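# Structural features, examined
Here is how the chains run, residue by residue.
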Amino acid sequence: GGLDKEFQDIFRRAFASRIFPASVVKKLGVNHVKGMLLYGPPGTGKTLIARQIGKMLNGKDPKIVNGPEVLSKFVGQSEENIRNLFAEAEAEFNERGDDSELHIIIFDEIDSVCKARGTSRDGTGVGDTVVNQLLSKIDGVNSLNNILVIGMTNRKDMMDDALLRPGRLEVQVEISLPDEAGRQQILGIHTQSMRSANYLDAGVSLPELAKHTKNFSGAEIEGLVKSAASFAFARQV
């Protein structure tokens, strides 16, 4: 709900080039986009978008990684976890070349893994080597052409600059708070089952509610609907 323009941007930048045959794209001299960063305030639907992207493409199911899960207490294990994420795509690319399917890797809370190098004070330097490992996988000497890394964060300022340049997480889409039309869409989505079961009072006007909920994020609108339902339950009890 409320993210039509963002979806169009994402599709145009990251997926449109993959619809055409590899030979055509090669003649243009254009490389596919391999990385994308979705950033914005909490509760605006970044994780939702990533889930939908996986459904929209009829490729393999995306691998979803929560940032902190990558880190490990053993030396070298964190870097190996990153390598394992790309292992399947690498094997298929070596086998089938440009015909291989698209592998999507979704990093939730990517700022926990990819902090700017030199800023962590733990003395082990693990954070820095994880960033290096990720950079070399996305855009290194033997880089793959059949991957798309989608990172999500609400702290873009903490990310390492090298990750944000073209060739890496080059498409950066801000997922901001929904406007009035977007809020109406979101309210519609969250009250859909109430409406279809005729539980929503006829006096409830969604456009009116959308006007009153300025600066609400999608998650807060969901909370609003839950709160309203709890009042209804209380009245019945």
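Residues numbered from 1 in each chain as written. Predicted model: local features only at pLDDT ≥ 70, side-chain atom pairs only at ≥ 80, totals over all residues. Heavy atoms only, no water.

## A few points about the overall build of the protein chain
Condition: Elements are defined by DSSP. Helices are runs of H or I of four residues or more, strands are runs of E of two residues or more, and each kind is numbered from the N terminus. Whether a residue is buried, partly exposed or exposed follows from its accessible area with a 1.4 Å probe, protein chains only, as a fraction of its type maximum: under 20%, in between, or over 50%, in that order. Areas reported as accessible are Shrake-Rupley estimates using a 1.4 Å probe. Residue values count occlusion only from the protein chains shown. Lys and Arg are tallied as positive, Asp and Glu as negative. Neither His nor the chain termini are counted. Charge placement uses NZ in Lys and CZ in Arg. For Asp and Glu, CG and CD serve respectively.
Counting secondary structure elements, the protein chain contains nine helices and five strands. For the protein chain, the succession of helices and strands along the chain, N to C, is α-α-β-α-β-α-β-α-β-β-α-α-α-α. Dimensions of the protein chain, computed from C-alpha atoms along their principal axes, come out at roughly 65 × 50 × 25 Å. A burial count over the protein chain gives 36% of its 237 residues as buried. Surface accessibility of the protein chain: about 13600 Å² in total, with carbon and sulfur atoms responsible for 52%. Taking the average place of the 29 positive charges on the side chains of the protein chain and the average place of its 31 negative ones, the gap between the two points comes to 2 Å.

## Description of the environment of Ile49
So the rule is basically this: It only takes one pair of heavy atoms within 4.5 Å for two residues to be counted as in contact.
Structurally, Ile49 is set in helix H3 (residues 46-56). Spatially, the C-alpha atoms of Ile49 and Glu6 are 9.3 Å apart, while their sequence positions differ by 43 residues. Discounting residues that sit within four places of it in the chain, Ile49 has contacts with Leu3, Phe7, Ile10, Leu38 and Ile175.

## Concerning the nonpolar core
The cut-off we apply is this: Remark: nonpolar core denotes a set of buried residues (Ala, Val, Leu, Ile, Met, Phe, Trp, Tyr, Cys) joined through side-chain atoms within 4.5 Å.
Counting 26 residues, the largest nonpolar core has Phe86, Phe107, Cys114, Leu134 and Met159 as its most contacted members. Residue assignment for this core shows that the elements contributing at least two residues are helix H4 (77-96), strand E3 (103-108), helix H5 (126-139) and strand E4 (147-153). Ignoring any residue separated from it by four or fewer positions in sequence, one finds Phe107 in contact with Val65, Val70, Ile82, Leu85, Leu134, Val149, Ile150, Gly151 and Met152. One finds Ile49, Ala50, Ile106 and Ile175 within the second-largest nonpolar core, a separate group that totals 19 residues.

## Some points on the pattern of salt bridges
Quick note on the threshold: Counted as salt bridges are all cases of a side-chain nitrogen of Lys or Arg within 4 Å of a carboxyl oxygen of Asp or Glu.
Tallied over the full model, the rule gives eight salt bridges. Of the charged contacts in the structure, one is a salt bridge between Lys5 and Asp9, with a shortest N-O distance of 3.5 Å. With Lys5 and Asp9 both in helix H1 (residues 4-19) and four residues apart, the pair spans about one turn of that helix. Given the relative accessible area of 56%, Lys5 is considered exposed. By relative accessible area, Asp9 is classed as partly exposed at 24%.

Don't take any of this as a statement about function, it's just geometry.
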